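Per-entry structural report
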Amino acid sequence: MPGTNKLGLGRASDDLLRESAESETGSDSDTASHSTGILPSQEIEYLIRASKEIVALEPIQAEQIQPASLDLRLGSVAYRVRASFLPGKNARVEDRLAELAMHEMDISEGAVLERGCVYIVPLLEGLALRKRTSAMGNPKSSTGRLDVFTRLITDYGTEFDRVREQYKGPLYAEVSPRTFSVLVRKGSRLNQIRIRRGSPPTGNETLRRLQEAHQLVDSITADEVRDGVPVSMDLLGDRSGGVIGYKAKSHAGLIDVDRVRHYEMHDFWEPVLAPRKGGLVLDPADFYILASRESVKVPPMLAAEMVAYDALVGEFRVHYAGFFDPGFGDPQAGGQGSRAVLEVRSYEVPFVIEHGQVVGRLVYERLTAPPAKLYGAGMKSSYQRQGIALSKHFKPLPAVGQG
């Protein structure tokens, strides 16, 4: 298995984590511990330091560990491939690369990934998961807001962004810039994983109870919860002076993914104003940053994910980067009033979206224990209390859309 020996993958050590001696009762409380759920930051650290179920070619840095996720780093090589692929249940990623790779690039000191091309990059991290433990991947928020389509791939994988229970092997990122060409290097962080133990309850009744108890998405009643808590589009711009979002400029310059607050927004984006009447027409050639009408909250004992769009509500995709960490938008972490930023792209044909139209749904899952740190609380989180926010690569915009 490629990378297996280098990563030190093999028989894992003792049990993943000690089962909690506390009762499973009170599953919605902020202090209960559970035998199933998303692992918080301190348990991710346990998997790195003690059980060795998360391994790496280079030491994992503290800033990679988020409240309920782990940032993954690009390795030193990228492969330009003819097409996106999944290895399938009988093949390793390396086997498919031998068939599909066009050329190999050394990105140790930096290299450009061109828009419209597909690349496979072995990651510095690998996994050696124990029984009942699986993982899921997603682009980081800043990656999605650059319209860089990034997915996690594993050996013998049959799905993107899903790591099966007890997986032992290397990890790879498929990277496809859609709007801007990007400069990356070894150590750049484009995607992240969450680790899940067991199968925590996430059905409609659980979500309705959580919505009633915590008002996860404001202005939404529990009766509206179905396959997630609905999030709708803001096309009025009342809180942002009539600006409802931003549209990426065609043929803009190169973006270094590791530069923060560096680029002038107007060199890459143009504002989108609230339509005078009717809805907003999405052009399939364009990429948009818009915002939810509602404020969103993720209490400390929960993590959330924006689920993939439903084709029944329209031919468009919303939100590449779907993870919302514990503390996002929560008053305890200084996030009162945070809205969901929506990365929107129409498919094939122009499509009209209306103000208040449901464009996505948030699914919440409990954590196995309260996290040692919260999103925004002392972490210098980029998007706490966000309104309409571009990625962290751009110089700050005027403070609009926060209320």
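Refer to the structure presented above.
Since the structure is predicted, the reported quantities are computational estimates derived from the model, not experimental observations.

Examining the overall build of the chain
Looking only at helices and strands, the chain features five helices and 25 strands. Taken over 403 residues, the chain has a buried fraction of 56%. Pairs at least 24 residues apart make up 80% of the contacts formed inside the chain by residues separated by at least 6 positions. Counting every atom, the chain has about 16800 Å² of accessible surface; 48% of that belongs to carbon and sulfur.

Structural notes on helix α2 (residues 41–49)
All of the buried residues along α2 are Ser41, Glu43, Ile44, Leu47 and Ile48. With its buried residues spanning 165 degrees around the axis, α2 presents them on a single face. Looking at the packing, one finds that the buried side of α2 touches β2 (54–56), β3 (70–72) and β13 (191–197).

Here's the deal with the packing of aromatic side chains
What characterises a pair of aromatic rings is the spacing of the ring centres plus the angle enclosed by the ring planes. Tallied over the full model, the rule gives nine aromatic pairs. Geometrically, the ring pair formed by Tyr263 and Phe268 is edge-to-face, given 5.5 Å between the ring centres and 75 degrees between the ring planes. Phe268 shares its class with Tyr263; the two are buried. Plain terms: the ring middles of Trp269 and Phe394 are 6.1 Å apart, the flat faces sit at 80 degrees to each other, and that makes the pair edge-to-face. Taken as a pair, Trp269 in strand β17 (residues 269–273) and Phe394 in the segment after β25 (358–366) lie far apart in primary sequence, 125 residues in all. Exposure class is identical for Trp269 and Phe394. Each is buried. Connected via pairs of aromatic rings, a cluster forms that spans Phe180, Tyr263, Phe268, Trp269, Phe287 and Phe394. Against the face of Phe160 rests Arg151, its NZ or CZ located 3.5 Å from the ring centre. In this structure, Arg194 is placed above the aromatic ring of Phe323, and the distance from its NZ or CZ to the ring centre is 4.3 Å.

So, how was this worked out
- Residues numbered from 1 in each chain as written.
- Predicted model: local features only at pLDDT ≥ 70, side-chain atom pairs only at ≥ 80, totals over all residues.
- Heavy atoms only, no water.
- Helix = DSSP H or I, 4+ residues; strand = E, 2+ residues; numbered from the N terminus.
- Buried < 20%, exposed > 50% of the residue type's maximum accessible area, 1.4 Å probe, protein only.
- Contact = heavy atoms within 4.5 Å.
- Areas by Shrake-Rupley, 256 points an atom, 1.4 Å probe, with all protein chains shown as cover.
- Arc of directions from axis to C-beta.
- Phe/Tyr/Trp six-rings, centres within 6.5 Å; stacked < 30°, edge-to-face > 60°.
- Lys NZ or Arg CZ within 6 Å of the ring centre and 35° of its normal.

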